[in-house]
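Read off the chains here:
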Amino acid sequence: MHIHFHMRKIAILCLFSLLVLNACKDKKVKIDPDNNVVLRQENEPARLNPIMGTQAYESEISDMANMYLMSYDENSVLQPALVKAEPTRKTNADGSLSLDFEMLDEATWDDGSPVTGNDYLFTIKAIMNPLVDAANFRSYLADIANVEVDQINPKKFTIVLSENNVFAVELVTNAAPVLQKSLLDPQGWMDKIELSELVDPAKAEVLANSNPNLKKLADAFNGDQYNRNPKYINGCGEYRIESWEAGKKIVLRKKENWWGRKFPDWNSFPNTITYLPIPDPAASLAALKNQEIDAMTHIAPADFMNLKKDQGFLKNFSLHNSSAGIYYFIALNSKRPQLADKKVRQAIAHIVNVKEIIDSVYGGFGTRIVNPLDPSFPEYNNQLKPVPYDVEKAKNLLKEAGWADSNKDGFVDKVIDGKKVELSVKFLFNNAKETSQTIALLLQDHAKKAGIDLQPISMDPQQVMSQWKAKDYDMLSAGRSMGTIWNPKHHYYAGSEDSDNRSGFGNAETNALIDKIATTWDESARNKLYHQFQKTLQDEVSEIMLFTPNDCVAISNKYDTKPIPNPPGYNVGDFKLKKRK
């Protein structure tokens, strides 16, 4: 069975990373015009260009239309996808690493032209263009030094990395799908720009200010045409995005003459897959009960328990629990003056009652964590203890940090830069999620007990994401996906444009530790470094780790399919209609 999972585990606000592409056990799958799957999405995508998206419900769709050099199977093993085999490696005299690949002979774009190393080179150039809004991807691919395409056989190409690190193969093969150069850069804007210049931040900045072609390409990628027009957001995957009616639905259709159908295990069953954006939980639950959608994830625990008792509902749907593949946390912006002292951040951690959140908000469907990765991973530091809920401890820490309620108004204050300020923080939460609002109100109540003025601020998901990316926040609730491997550089590297560090964590010492993790090949030694880093991460409290949830999933009984333990709890490609009586 072939299931496509990709590594791109970009930080997402209380959302989830996935996902699937194409799987079935049959030798050959014919297109069934009656098999038209309808799925609910929590929010409508802002864009579907696969190197621009930052949210899971964007990649869920774009991944159905695109492919990666290599993908993870259901056992989390990285397997060749667009390429013939795993790369051959060569460590060069200067310490760099060369990886040799060859694209599948069969791999073609929808116009019949071959998928080549030039397409991969263009993809990396587009991502590394500093004017393209793809900073998240640049952080994953920052170690690429060059891509060399064979001039005789462009199916063959070599990726050169600046150093030989343990994450190399995954990063270059599975962080971003391959884009079609002839479709997205027919004018050849990037042809005369060397990738070796784009991967150097200083040279890239000079180019951005001097070469108009970088801006031309960036304008195309950042605009609606390359993000919302189906013509430009389709790739070489099994499905094509057929239509997008804003606010209503996005329809994907199975390609009739897809090249990958020559590999039987890659074929999927649905003829069309329709995504309906239904942000409101009550409306989505009603659509599920009315059989307007065929599968639904992220069902509220209370609703899930009620559905398990509904015999009428159970005639039409099966209910399952699966790993959500994510973890929740509270982000603290240490660059804010009132949060700059780690004792203040530690105090805030002590007013978060994680058990209360798991039990009362999520119905017990969650496991507490102290590290930002799966507790089953060997690199997870099991020696760290969860920060206990302790209001008195929080008060003592604030006192040690110089905060006191001098005017007896119930909130502590302190003189900062010659001005007395109260310890007031704005807590941004996703107004599309009732659970997020409940958490915000719980935190407000507990914070008040410690003398902290925590102000819940309701925003739509896009607003919260925007302010988080811009680092314009005090506190917010968030979630990230748990990758198959964990590279802390992406979220915790300090002072680097290649890092998606949104909390202000880190210094030269933690950067050196992150670098050492990436170049330590011995697993036991690397895990010790991981544990050391996690200890520092907990002590600094740039993020308060909460828990990893179990997802509540419903799947229509009209399909002959099995739930899977990985997110989203099913493989839509396996949705095979049961035989009609």
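Residues numbered from 1 in each chain as written. Predicted model: local features only at pLDDT ≥ 70, side-chain atom pairs only at ≥ 80, totals over all residues. Heavy atoms only, no water.

Draft legend 1. Up close: the packing of aromatic side chains. Under the counting rule described, the total for this entry stands at 24 aromatic pairs. Summarising the aromatic geometry, the rings of W486 and Y530 are spaced 5.5 Å apart at their centres and angled 25° between planes, so their arrangement reads as stacked. Separated by 44 residues along the polypeptide, W486 in the loop between β19 (475-481) and α18 (489-492) and Y530 in helix α20 (residues 523-540) bring together distant segments of the chain. Grouping aromatic residues by their ring pairs yields a cluster made of W486, Y492, F505, Y530 and F533. (Phe/Tyr/Trp six-rings, centres within 6.5 Å; stacked < 30°, edge-to-face > 60°. Helix = DSSP H or I, 4+ residues; strand = E, 2+ residues; numbered from the N terminus.)

Draft legend 2. Structural context of the packing of helix α14 (residues 354-361) against helix α16 (residues 434-449). It is at 11 Å that the axes of α14 and α16 come closest, and there the two elements cross at 145°. At the point where α14 passes α16, the crossing takes the right-handed sense. Facing α14, whose interface residues are E356, I357, S360 and V361, α16 presents T435, T438, I439, L442 and H446. Partitioning the contact of α14 with α16 into residue classes produces 4 nonpolar, 4 polar and 1 charged. (Axes fitted to C-alpha atoms, helices over the stretch in contact; angles between N-to-C directions. Left-handed = near helix turned anticlockwise from the far one by under 90°. Contact = heavy atoms within 4.5 Å. Nonpolar A, V, L, I, M, F, W, Y, C, P; charged D, E, K, R; others polar.)

Draft legend 3. The arrangement of the pattern of salt bridges in detail. Under the defined criterion, the tally for this structure stands at 24 salt bridges. Two residues, K489 and D143, come together in a salt bridge whose shortest N-O distance is 3.9 Å. Separated by 346 residues along the polypeptide, K489 in helix α18 and D143 in the loop between α3 (135-140) and β6 (144-149) bring together distant segments of the chain. This pair shows no difference in class: K489 is buried, exactly as D143 is. Residues K343 and E400 are paired through a salt bridge, measuring 3.1 Å at the closest nitrogen-oxygen approach. With a gap of 57 residues between them, K343 in helix α13 (residues 342-350) and E400 in helix α15 (residues 391-400) connect regions that are remote in the sequence. Because the salt bridges share partners, they merge into one network encompassing K342, R345, D539 and E540. (Salt bridge = Lys/Arg side-chain N within 4 Å of Asp/Glu carboxyl O. Buried < 20%, exposed > 50% of the residue type's maximum accessible area, 1.4 Å probe, protein only.)

Draft legend 4. Here's a closer look at the sheet that holds strand β17 (residues 424-430). Spatially, β18-β17-β19-β13-β20 is the arrangement adopted by the 5 strands of the open sheet, whose pairing is mixed. Across the chains shown, the open sheet's two edge strands, defined by having one partner strand only, are β18 (453-459) and β20 (543-545). Within this sheet the neighbouring strands show an average axis-to-axis angle of 35°, counted without direction. In terms of strand pairing, strand β13 (residues 326-332) meets β20 through 3 bridges, oriented antiparallel. Opposite I330, over in β20, you have I544 as the bridge partner. (Pairing = 2+ DSSP bridges.)

Draft legend 5. Expanded view of the pairing of strand β16 (residues 419-422). Where strand β15 (residues 413-416) lies against β16, 4 bridges are found, and the strand directions are antiparallel. Looking at β16, one finds that I416 is bridged to K419. Once β15 ends, the chain turns through 2 residues before running back antiparallel as β16, passing D417 with a positive phi of about 55°.

Draft legend 6. Here's a closer look at helix α19 (residues 508-518). Inspection of α19 places T510, N511, L513, I514, I517 and A518 among the buried residues, and these make up the whole buried set. Seen along its axis, α19 keeps its buried residues to an arc of 160°; they face one direction. Those residues of α19 that are exposed and angled more than 90 degrees off the buried face are A508 and E509. Buried residues belonging to α19 abut α18 and α20. (Arc of directions from axis to C-beta.)

Draft legend 7. Region of the structure containing the environment of A85. Structurally, A85 is set in the loop between β3 (78-80) and β4 (88-91). A C-alpha to C-alpha distance of 7.5 Å links A85 and E102, two positions 17 residues apart in sequence. The residues touching A85, leaving out its near neighbours within four places in the chain, are P80 and F101.

Draft legend 8. Local environment of α20. Compared with an ideal rise of 1.5 Å per residue, which puts 18 residues at 26 Å, α20 spans 26 Å between its outermost C-alpha atoms and is within 8% of the ideal. Elements in contact with the buried residues of α20: α18, α19 and β20. Its side-chain oxygen at 3.3 Å from the backbone nitrogen of S524, D522 defines the N-terminal cap of α20. V541 occupies a position one or two residues after α20 and carries a positive phi of about 50°. (Expected span 1.5 Å × (residues − 1). Polar contact = N/O pair within 3.5 Å; in protein donor to acceptor, adjacent residues only side chain to side chain.)

Draft legend 9. Representation of the packing of α13 against α15. Relative to each other, α13 and α15 sit at 170°, their axes nearing to 8 Å. One finds that α13 runs roughly antiparallel with respect to α15. Note on element contacts: α15 touches α13 through V391, K393, A394, L397, L398 and E400, opposite K343, V344, Q346, A347 and H350. Residue composition of the contact of α13 with α15, by class: 6 nonpolar, 2 polar and 3 charged. (Parallel < 35°, antiparallel > 145°, perpendicular 65-115°, else oblique.)

Draft legend 10. Fine view of the side chain of H320. Summarising the element assignment, H320 is placed in strand β12 (residues 317-323). Within the structure, H320 has its side chain in polar contact with the side chain of S318 (distance 2.9 Å).

Draft legend 11. Inspection of the sheet that holds strand β5 (residues 97-102) at higher detail. Ordered in space as β4-β5-β7-β6, the 4 strands form an open sheet in which the pairing is antiparallel. In the strand order of this sheet, the two ends are held by β4 and β6, each with one partner. The sheet shows a mean angle of 20° between the axes of neighbouring strands, direction not considered.

Draft legend 12. Structural detail: the nonpolar core. In this structure, L69, L82, Y120, F157, I159 and F221 are the most contacted members of the largest nonpolar core, which totals 95 residues. Take this core: its biggest share by element is 7 residues, from helix α2 (residues 117-128). In this structure I159 touches L69, L97, S98, L99, F101, Y120, I144, N146, V147 and V172, once residues within four positions along its chain are discounted. A347, A401, V412 and F429 belong to the second largest nonpolar core, which has 40 residues in total. (Core = buried A, V, L, I, M, F, W, Y, C linked by side-chain atoms within 4.5 Å.)

Draft legend 13. A look at the environment of E148. Tracing the backbone through its elements, the reader meets E148 in strand β6. Residue E148 is classed as partly exposed on the basis of its relative accessible area of 42%. Through-space distance from the C-alpha of E148 to that of S182 is 18 Å; in sequence the pair is 34 residues apart. Non-local contacts of E148, meaning those with residues more than four positions away in its chain, are made with F157, T158 and V160.

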